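Residues per chain, in single letters:
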Amino acid sequence: MSRIEEIISEFQDVVSNPGKQMKAYKDQGKKLIGIVPYYAPEELVYALDMVPVGLWGSNDKTVTLAKEYFLTFYCSMVQLDMEMGLDGTLDILDGMITPTCCDTLRPASQNFRVALDEKLHKFPVIFLAHPQNRVPEYGIKYCMDQYNNVREALEKIAGKPLDKEALKNAVRVYNKSRQARRAFNELAKDHLDICTPTVRCAVLKAAYYLKKDEYTAKLEELNAELAKTPKCDWKGTKVIVSGIICDNPDLLKVFEDYNIAIVADDVAQWTRSFRTDAPETDDPMRDLAVQFSHQDYDTILFDEKSNENRRGEHVAKLALDNGAQGAVVFITQFCDPEEMEYPYLKKALDQANVPHVKLGLDMQMRDFGQVRTSLQAFADVLEMRK
Ligand code: SF4
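Overview of the structure. (Residues numbered from 1 in each chain as written. Predicted model: local features only at pLDDT ≥ 70, side-chain atom pairs only at ≥ 80, totals over all residues.)

### Some words on the pairing of strand 3 (residues 95–99)
Inference 1: Most of strand 3 is tucked away: five of the five residues are buried.
Inference 2: Of the two faces of strand 3, the one holding Gly95, Ile97 and Pro99 and the one holding Met96 and Thr98 are both buried throughout.
Inference 3: Bridging between strand 3 and strand 4 (residues 125–128) involves four bridges; their strand directions are parallel. Within the sheet, the bridge partner assigned to Met96 lies in strand 4 and is Val125.
Inference 4: Considered for its hand, the β-α-β crossover made up of strand 3, helix 5 (residues 105–119) and strand 4 is right-handed. (Buried ≥ 20, exposed ≤ 12 C-beta atoms within 10 Å, placed from the backbone. Helix = DSSP H or I, 4+ residues; strand = E, 2+ residues; numbered from the N terminus. Pairing = 2+ DSSP bridges. Right-handed = clockwise from strand over helix to strand, strands pointing away.)

Below you can see the structure in the form of structure tokens.
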């Protein structure tokens, strides 16, 4: 087995069994904090010597217990986070941060609090409300206030105060990690034979279960190995993908079955999460708020210039810049932000002459027959346009 294969296999082990990784950290005496998407300042957790764990639903569970707390039109990712909270999967956690970036997450944050914290006493659930107007100075100040509330709650769990130097270090560690993931994206484009859709997902998703310094060291080694490997002349189809999440290995295997490579993505779980670095000044709390103010081109973020269709054009440009023949747009069922943005995304893709296919997705899907048919037809159409 080559070193590249070994590192990829390590990432795949982590994402296929996150519970094992969480237990390993617990055995080291670490406290674990569950992070519900999106944009929680994980650096606060890291700086308090605890381990953030991404909570992006589950591809192996079905919603049953969560129905007691959630309306049926909550997206499956959030429902499955609650399911894991109720069925004991998340009992290993010492706390949970619940951001409120969309109309599902806002009420869900209160459902999580009532169920997991107040009723079942599993762990503290920490509320986080990012500012809608994140760019003006008052938005940055509001964001800092919110982050300070989160800090206080985390300090109680950690049993110690947050050290400013530790937070400055955390900002550095996270910036380095984001840079390594962006570098991986660039290298992956030249090695589409190695960085298949399932591998791409495993490499990027492992970031949610490994401490960032450990993850980054492993990823930088993978990047160095990829850089030494001859580039691949990919003869199959090249696409970009857009959406919130598309991490089911059976789904990604369909891409591979039809020789469809992912050359770039606009996926919330993948690249949207590491596009923007934080400044590194002597005020790390402000650096984190400024970083949030710089986040952009995301369906869940308020866009003052939404009439300009900047986001749609950004995704179309992503396809053109990366030599993609088309775009696969995954719309998570019951996800209002993605559904409402779709017409604008379609308009921008059409104007840029980027063909696309729109596929509905639910994390409880086990049969991808319809996806298979659509992707095969889409790949055939793209091949004819070559
Ligand atoms: S943005 Fe969509 S997928 Fe994400 S939590 Fe909200 S409704 Fe669910």
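### A closer look at helix 5
Owing to its 3.6 residues per turn, the α-helix brings residues three or four apart onto one side.
Inference 1: For helix 5, which comprises 15 residues, the first-to-last C-alpha distance of 19 Å matches the rise-based estimate of 21 Å (1.5 Å per residue) to within 8%.
Inference 2: The largest bend along helix 5 reaches roughly 25° and is located at Arg113.
Inference 3: Taken residue by residue, helix 5 has Leu105, Ala108, Ser109, Asn111, Phe112, Ala115 and Leu116 as its buried positions.
Inference 4: Contacts made by the buried residues of helix 5 are with helix 4 (76–86), strand 3 and strand 4.
Inference 5: The positive-phi residue at the C-terminal boundary of helix 5 is His121, with phi of around 55°. (Expected span 1.5 Å × (residues − 1). Bend = angle between axes of the 7 residues up to and from the residue. Contact = placed C-beta atoms within 7 Å.)

### So, the sheet that holds strand 6 (residues 260–267)
Inference 1: Pairing is parallel across the open sheet formed by four strands, whose spatial order is 6-5-7-8. Each of the sheet's edge strands pairs with one partner strand only, and the pair in question is strand 6 and strand 8 (356–361). Between one strand axis and the next, the sheet turns by 25° as a mean value, whatever way the strands run.
Inference 2: Pairing geometry for strand 5 (residues 237–243) and strand 6, over seven bridges, is parallel. Across the sheet, Ile240 pairs through a bridge with Ala264, a residue of strand 6.
Inference 3: Contacts from helix 14 (residues 369–385) reach strand 5, strand 6, strand 7 (326–332) and strand 8 within the one sheet, and its direction differs from that of strand 8 by about 170°. (Axes fitted to C-alpha atoms, helices over the stretch in contact; angles between N-to-C directions.)

### Comments concerning the site of the ligand
Inference 1: Taken together, Cys75, Met77, Val78, Cys102, Thr104, Leu105, Ile244, Ile300, Thr332, Cys335, Pro337 and Glu338 make up the full set of residues near the ligand.
Inference 2: Of all the secondary-structure elements, those providing two or more residues to the shell around the ligand are helix 4 and helix 13 (336–351). (Near = placed C-beta within 6 Å.)

### Comments concerning the packing of helix 1 (residues 3–16) against helix 8 (residues 197–205)
Inference 1: At a minimum axis separation of 8 Å, helix 1 and helix 8 run at an interaxial angle of 70°. By the criterion of interaxial angle, the relationship of helix 1 to helix 8 is roughly perpendicular. Here Ile8, Phe11, Gln12 and Val15 of helix 1 lie close against helix 8, whose contacting residues are Val199, Ala202, Val203 and Lys205.
Inference 2: When the residues that make up the contact of helix 1 with helix 8 are grouped by side-chain class, the tally is six nonpolar, one polar and one charged. (Parallel < 35°, antiparallel > 145°, perpendicular 65-115°, else oblique. Nonpolar A, V, L, I, M, F, W, Y, C, P; charged D, E, K, R; others polar.)

### Here's the deal with helix 1
Inference 1: When the terminal C-alpha atoms of helix 1 are compared, their 20 Å separation across 14 residues agrees well with the 20 Å that a helix rising 1.5 Å per residue should span.
Inference 2: Those residues of helix 1 that sit buried are Ile8, Phe11, Val14 and Val15. Projected down its long axis, helix 1 shows its buried positions confined to an angular sector of 115°, all on one face. For helix 1, the exposed residues set more than 90 degrees away from the buried face come down to Glu5, Glu6 and Ser16.
Inference 3: In this structure, the buried side of helix 1 is in contact with helix 2 (18–27) and helix 8. (Arc of directions from axis to C-beta.)

Function cannot be inferred from these measures alone, as they are strictly geometric.
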